[in-house]
Amino acid sequence: MAAKGIKLTWTNIAKDAIDNDADKLMDRLKATYDEIGALTDDQVTYDNVVKKSADCDCWYAVERNNIDFLQHVSPNKELRDASVAADKKLSEFDVELSMRQDVFESFVALNKKDEFKTFSPEAQRFVERVIKIGKRNGLHLSKDQQEKIKTIKKRMSDLSIDFSKNLNEENTIIEFTEEELAGLPDDFIKSLEKGSEGKLKVSLKYPHYFPCMKKARNPSVRKIMETAFNSRCLKENTPILEELVKLRHEKADILGYPTHAAFVLDMRMAKKAEAVSTFLSSLAEKLKSLRDDELKLFLEYKKEECDKYGYEFDNKINNWDLRYFMTMVEERKYAVDQQKLKEYFPMAVVTEGLLQIYQELLGLVFTQVETDDVWHHDVTLYCVKDKESGEAIGYFYLDLHPREGKYGHAACFGLQPGCVGLDGSRQLAVAAMVANFTKPTADQPSLLTHDEVETYFHEFGHVMHQICAQAHFAMFSGTSVERDFVEAPSQMLENWVWEKEPLTRMSRHYKDGSAIPEDLLEKLTLSRQANAGVFNLRQITLGTFDQRIHTRSEADTANIYAATCEEYIGICATPGTNMAATFGHLGGGYDAQYYGYLWSEVFCMDMFASRFKREGIMNPKVGADYRKYILQPGGSLDADDMLKNFLGREPQQDAFLISKGLKA
């Protein structure tokens, strides 16, 4: 049985029921839209247009998520496949609904009435947003053009679902001898399954891939891993992404936009593709001198390694060398022993400390809920209450370990929007954090790298945004803000994993419970700017590549990525690979928006430096302001206004540049 206030259920789901539930859901929603669309101009009111539509959004999101979230997390392949099939059908249906001229005209008529001026600011924003989206769907154009847009949208929806499914289901295994895996820690070697002829099985999932790229001494092993990793779904996803690029451009053209990027950015903080291009290229220029020094040092280390172990020295840094020598810089230049550090981050201790920090900072209380109504026995559920009022405001699930067929990255999924429901009472927000942290073994618990601790804080920041937002309408619930701002609240909270007090609170040695030694903590915090040039230029490469393919009518993604990689990082993409085919963001909603990670980092560093760092990183008053001005509005205000309300001024770039090791 589900916890009180959760309208989702995860147990006893039959494959056939998923399809039937999707049909019922479509029938119910269509009936409501038919009612709204049948109204004459003089009949439209707040109740029969705005409230009726908003109520639909509220329950439809819950029932829809209950169906299509399964494709990402269910351990049952039949259910995952049924979820994908239902998602395709529902997505086609969503396209039909988005093209309902009659419903659009009911909103336009209401917008013109005097009654509209009496609506709350959020209700006015809702009506204006529905009309804007309607025009972005071409509802102001001729029927022929609308039909073209509808066909394109349906095709794009199917392609995006397939792109994601291919990555989720990818299960390549590579076998190496123990000798070939020299340099990797003993606990990693022991955790690997045995393969043929005594070899060890290594997958391309994060808990295997990243340790190999960071610590496998043998360059041939790293080359095999990197080549395989960036060739995942190459044959399936390259044509999908390239067809998506064409279709996106075609749709933008019909709607009167020069490019898909121009269409997307029209509703983002950046507004124009030129602003994004200038931001990325000017930052790249500032970082290039850092990159040059870093690559020079990597090459020195590589020469030493090759001489020491008898490997052939090719006098260049390859893609499969990058993470290995970045890790070496942390260990040598900053003396940060990541393997030693990991021993102080057992997942249970990190989770306990993280939850305490978020509760204290945001004035919340988390209580674990005992329930069997979860999609896998690894999953835990927590209820979130406001500390002052004692009132429940939401729930979150934690699903933290990898398994076959599961979503391969780390992400927060909003499952039940926090909004005002049918009966006028508030529907509680429900979110799930899905990650792929190393599983415990017989010898030791799950130990997190510092990178993984940072990922945990980041994704949990999104969870808190989902839970703490108090918008009235589902359209503005949770993280429904401009896409180039959505990362700022969670990025802001990454800062806590670089500060002594919070680090001390979420770490203990897994054997004896001892604290991280002071000198190791100090070295870790100093290492934050290690490899800043290469690391940030890689982010700029991805953001620039995304803009380049979405500012043209068609794209050879492998060649464009390779050229962009060489231009910014100064390293060629590995021949025969196409990282773009593995770039889940571009199939799953971040198209022409990947720049948003760096763009929003400007705001996150400004918020942290000017309020938390200055007034106290665990200061509950600043935490309360953060919750009130940044998290609580959801998407009911423009991000510019939220930032000004919290900062007390316009945002500035200084803290961001300093955080990258640059002069402000």
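Structure's up top.
In this text the structure is predicted, and so the values were computed from the model without any measurement.

(A) Geometry of the overall build of the protein. Within the protein, the secondary structure is distributed over 27 helices and nine strands. For the protein, the C-alpha radius of gyration of 25 Å lies close to 26 Å, the compact-globule estimate for 664 residues. Each of the three principal axes of the protein carries a C-alpha extent, and together these read 85 × 55 × 55 Å. Within the protein, buried positions represent 57% of all 664 residues.

(B) View of the packing of helix 13 (residues 273–309) against helix 14 (residues 319–332). The interhelical angle for the contact between helix 13 and helix 14, taken along N-to-C directions, is 95°, at an axis separation of 10 Å. Relative to helix 14, the element helix 13 lies roughly perpendicular. Mapping the contact onto sequence places Leu297, Phe298, Tyr301, Lys302, Glu304 and Glu305 in helix 13 and Asp321, Leu322, Tyr324, Phe325, Met326, Met328, Val329 and Arg332 in helix 14. Here the contact of helix 13 with helix 14 is composed, by residue class, of nine nonpolar, no polar and five charged.

(C) Quick peek at the nonpolar core. Residues Tyr397, Phe460 and Trp496 are the most contacted members of the largest nonpolar core, which totals 201 residues. Tallying contributions element by element places helix 13 first for this core, with eleven residues. Ignoring sequence-local partners within four residues, the contact set of Phe460 consists of Leu354, Leu355, Tyr358, Phe366, Phe396, Leu398 and Met433. In terms of nonpolar packing, the next biggest core, distinct from the first, is built from 19 residues, Leu181, Leu184, Met213 and Ala228 among them.

(D) Spatial organisation of empty space enclosed by the protein. Summed over all chains, the structure comprises three cavities of 30 Å³ or more. Taken as a whole, the largest cavity spans an internal volume of roughly 60 Å³. Lining the largest cavity are Arg217, Pro219, Arg222, Lys302, Glu305, Cys306, Tyr311, Asp321, Tyr324 and Phe325. Where the lining of the largest cavity is concerned, the elements lending two or more residues are helix 10 (219–229), helix 13 and helix 14. Computed from the structure, the second largest cavity encloses a volume of approximately 40 Å³. For the lining of the second largest cavity, the elements supplying multiple residues, two or more each, are helix 4 (77–98) and helix 7 (143–169).

Rules behind the numbers
- Residues numbered from 1 in each chain as written.
- Predicted model: local features only at pLDDT ≥ 70, side-chain atom pairs only at ≥ 80, totals over all residues.
- Heavy atoms only, no water.
- Helix = DSSP H or I, 4+ residues; strand = E, 2+ residues; numbered from the N terminus.
- Rg over C-alpha atoms; globule rule 2.2 N^0.38 Å.
- Buried < 20%, exposed > 50% of the residue type's maximum accessible area, 1.4 Å probe, protein only.
- Axes fitted to C-alpha atoms, helices over the stretch in contact; angles between N-to-C directions.
- Parallel < 35°, antiparallel > 145°, perpendicular 65-115°, else oblique.
- Contact = heavy atoms within 4.5 Å.
- Nonpolar A, V, L, I, M, F, W, Y, C, P; charged D, E, K, R; others polar.
- Core = buried A, V, L, I, M, F, W, Y, C linked by side-chain atoms within 4.5 Å.
- 1 Å grid on protein atoms, 1.4 Å probe; cavity = no way out; pocket = protein on both sides within 12 Å on 5 of 7 lines; lining within 4 Å.
- Points joined across faces, edges and corners; volume = space filled by probe spheres on them.

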